[in-house]
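Residue-level structural notes
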Amino acid sequence: MRLRKCKGCGVYTLRERCPLCGGETSSPHPPRFSPLDPYGKYRRKLKKEVEGSGDGGKVSEGSQA
């Protein structure tokens, strides 16, 4: 049995469902680090795309730099 955190209200519990709101729970711990991480490059690429999803630095097709 491991500690779990509700995705909805943030309560910590040992149950699969939150005792307060009935929401789904998940592990609050990050995945283990491995230097041989086969999916690391994809996670970093996704993180870079999500952080850069705003207007900052992107030039639209119609504008001139």
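Residues numbered from 1 in each chain as written. Predicted model: local features only at pLDDT ≥ 70, side-chain atom pairs only at ≥ 80, totals over all residues. Heavy atoms only, no water.

With that settled, the discussion passes to a nonpolar patch on the surface. Judged by side-chain polarity, Met-1, Leu-3, Tyr-12 and Leu-14 come together as a nonpolar surface patch covering roughly 490 Å² of accessible area. By secondary structure assignment, the location of Met-1 is in the segment before β1 (4–6). Residue classification places Met-1 among the exposed positions, given a relative accessible area of 86%. (Patch = residues over 30% accessible without salt bridge, like charges linked within 9 Å, V, L, I, M, F, W, Y side chains within 5 Å. Areas by Shrake-Rupley, 256 points an atom, 1.4 Å probe, with all protein chains shown as cover. Salt bridge = Lys/Arg side-chain N within 4 Å of Asp/Glu carboxyl O. Helix = DSSP H or I, 4+ residues; strand = E, 2+ residues; numbered from the N terminus. Buried < 20%, exposed > 50% of the residue type's maximum accessible area, 1.4 Å probe, protein only.)

So, about the sheet that holds strand β3 (residues 25–26). With antiparallel pairing, the three strands of this open sheet are ordered in space as β2-β1-β3. In this open sheet, the two edge strands, each paired with only one partner strand, are β2 (12–13) and β3. As judged from the two bridges shared by β1 and β3, these two strands associate in the antiparallel manner. Residue Lys-5 lies in a different strand from β3, and its bridge partner there is Ser-26. (Pairing = 2+ DSSP bridges.)

Position of Gly-8 relative to the elements: it lies in the loop between β1 and β2. It is 8.6 Å that separates the C-alpha atoms of Gly-8 and Cys-18, two residues lying 10 residues apart in sequence.

Moving on, we come to the side chain of Arg-4. Note that Arg-4 resides in strand β1. Here Thr-25 takes part through its side chain, which lies 2.9 Å from a polar atom of the side chain of Arg-4. Not counting residues within four places of it along the chain, the set of residues in contact with Arg-4 comprises Val-11, Tyr-12, Thr-13, Leu-14, Arg-15, Glu-16, Thr-25, Ser-26 and Pro-28. (Polar contact = N/O pair within 3.5 Å; in protein donor to acceptor, adjacent residues only side chain to side chain. Contact = heavy atoms within 4.5 Å.)

Take the side chain of Thr-25 next. Turning to its location among the elements, Thr-25 is positioned in strand β3. Overall, the relative accessible area of 3% leaves Thr-25 in the buried class. A distance of 3.0 Å separates the side chain of Thr-25 from the backbone oxygen of Arg-15, its partner in a polar contact. Sequence-distant contacts of Thr-25, defined by excluding residues within four places in its chain, comprise Arg-4, Lys-5, Cys-6, Thr-13, Arg-15, Glu-16, Arg-17 and Cys-18.

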